[in-house]
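Residue strings, one per chain:
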Amino acid sequence: GSNQMVMSAVGHRGYKMYQLGAPPSVWDRIINDQSVSNMKRRGLNIRMALEGTLPATILDPEKQLKEVFKCLKDNQILGIAADGAAGENWVLCPFLGRGIRLGNGPFSIMQRTGCEALPAFMVRDRSGTQRLEIGKPLALSGKIDDNAGVSDSARQFARILEDYVRQRPGHYLHFLMLRRRMMAQGDPALL
């Protein structure tokens, strides 16, 4: 669904929301790519401007990991796109009869801190209304810094994501198109 809406849904309810995500420099790189149409460039500029109005603090994963752990220690809400393509360490999970690469970062943070990870999805109904659906916590398994536990948590999430995509495939098309665009920029291929 509209992943940016999670920050609005949580932040406008009065909760302090942090989001671990790509800094504007990533979008600058896309915008400055000469093959981007003027319409796409304008859309990305609008998106960057709107992200600045969200009721959330966006944390750069390359520069602000200390803040990530502080927000969790302070029992704040941290959003992480578990199906994002950032990072270098991947967990390959079964997905829709094929596979999906999930970054191990969200699951590693969960494993290291013992925090609960709640899958959250924005669901659009027929009238166009968006609704935040928050699932049951992923189960922790293994010991701290246990790769098997990280992989197990990633597989749990992949099964939940697969169920949502089967029920609402149109919600996921935007993400797939973005992944294809980022593949052209050097990100790993979809499976």
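Up top is the structure these notes are about.
The structure contained in this document is the topic of the report that follows. Predicted model, so just to flag it, every value in this text is computed and none were measured.

**Section: the overall build of the protein chain**
Summing up its helical and strand segments, the protein chain has 7 helices and 7 strands in all. Listed by position from the N terminus, the elements making up the protein chain come as α-β-α-α-β-α-β-β-β-α-β-β-α-α. Across the 191 residues in the protein chain, those meeting the buried criterion constitute 35%. In the protein chain, of all internal contacts separated by at least 6 residues, the share reaching a separation of at least 24 is 64%.

**With respect to the nonpolar core**
Counting 21 residues, the largest nonpolar core has Cys93, Ile100, Leu102, Phe107, Phe157 and Leu161 as its most contacted members. Counting residues per element, the ones that place at least two in this core are strand 4 (90-95), strand 5 (98-103), helix 5 (105-113), strand 6 (120-124), helix 6 (147-167) and helix 7 (169-184). Ranked by residue count, the leading element in this core is helix 6, at 7 residues. Formed by 8 residues, the second largest nonpolar core is a distinct cluster that contains Val68, Cys71, Leu78 and Ile109.

**A short note on the packing of helix 4 (residues 65-73) against helix 5**
Following both chains from N to C, one finds helix 4 and helix 5 inclined at 50°, their axes separated by 12 Å at the closest point. By the angle between their axes, helix 4 is oblique relative to helix 5. The handedness of the crossing between helix 4 and helix 5 is right-handed. The residues of helix 5 that touch helix 4, namely those facing Val68, Phe69 and Leu72, are Ile109, Arg112 and Thr113. Along the lines of polarity and charge, the residues of the contact of helix 4 with helix 5 split into 4 nonpolar, 1 polar and 1 charged.

**Section: helix 5**
Among the residues making up helix 5, those that are buried are Pro106, Phe107, Ile109, Met110 and Gln111. Contacts from the buried residues of helix 5 go to strand 1 (17-20), helix 4, strand 3 (77-80), strand 5 and helix 6. Immediately downstream of helix 5, the backbone of Gly114 shows phi near 75°, a positive value.

**Topic: the environment of Phe157**
Looking at the element boundaries, Phe157 is found in helix 6. Between the alpha carbons of Phe157 and Cys93 there is a distance of 9.3 Å; along the sequence they are 64 residues apart. Sequence-distant contacts of Phe157, that is, excluding residues within four places in its chain, are made with Ala82, Asp83, Leu102, Phe107, Pro119, Phe121 and Leu138.

**Topic: the packing of aromatic side chains**
Going through the model one piece at a time under the given rule, you end up with 4 aromatic pairs. Aromatic side chains Phe107 and Phe157 sit 6.1 Å apart centroid to centroid with 45° between the ring planes, which places their arrangement in the tilted category. Placement of the pair is Phe107 in helix 5 and Phe157 in helix 6, with a sequence separation of 50 residues. Seen in terms of ring centroids, Phe121 and Phe157 are 6.3 Å apart; in terms of plane orientation they differ by 5°. Their pairing is stacked. With Phe121 in strand 6 and Phe157 in helix 6, this residue pair connects regions lying 36 residues apart in the sequence.

**Considerations on the sheet that holds strand 3**
By way of backbone hydrogen bonds, the strands of a sheet pair with one another, either parallel or antiparallel. Taking strand neighbours across the sheet as the criterion, the 3 strands line up as 2-1-3 in an open arrangement whose pairing is parallel. Each of the sheet's edge strands pairs with one partner strand only, and the pair in question is strand 2 (57-59) and strand 3. On average, each strand axis in the sheet is inclined to that of its neighbour by 25°, with strand direction left out of account. Bridging between strand 1 and strand 3 involves 4 bridges; their strand directions are parallel. When the sheet's bridge partners are listed, Gln19 is paired in strand 3 with Gly79.

Calculation criteria
- Residues numbered from 1 in each chain as written.
- Predicted model: local features only at pLDDT ≥ 70, side-chain atom pairs only at ≥ 80, totals over all residues.
- Heavy atoms only, no water.
- Helix = DSSP H or I, 4+ residues; strand = E, 2+ residues; numbered from the N terminus.
- Buried < 20%, exposed > 50% of the residue type's maximum accessible area, 1.4 Å probe, protein only.
- Contact = heavy atoms within 4.5 Å.
- Core = buried A, V, L, I, M, F, W, Y, C linked by side-chain atoms within 4.5 Å.
- Axes fitted to C-alpha atoms, helices over the stretch in contact; angles between N-to-C directions.
- Parallel < 35°, antiparallel > 145°, perpendicular 65-115°, else oblique.
- Left-handed = near helix turned anticlockwise from the far one by under 90°.
- Nonpolar A, V, L, I, M, F, W, Y, C, P; charged D, E, K, R; others polar.
- Phe/Tyr/Trp six-rings, centres within 6.5 Å; stacked < 30°, edge-to-face > 60°.
- Pairing = 2+ DSSP bridges.

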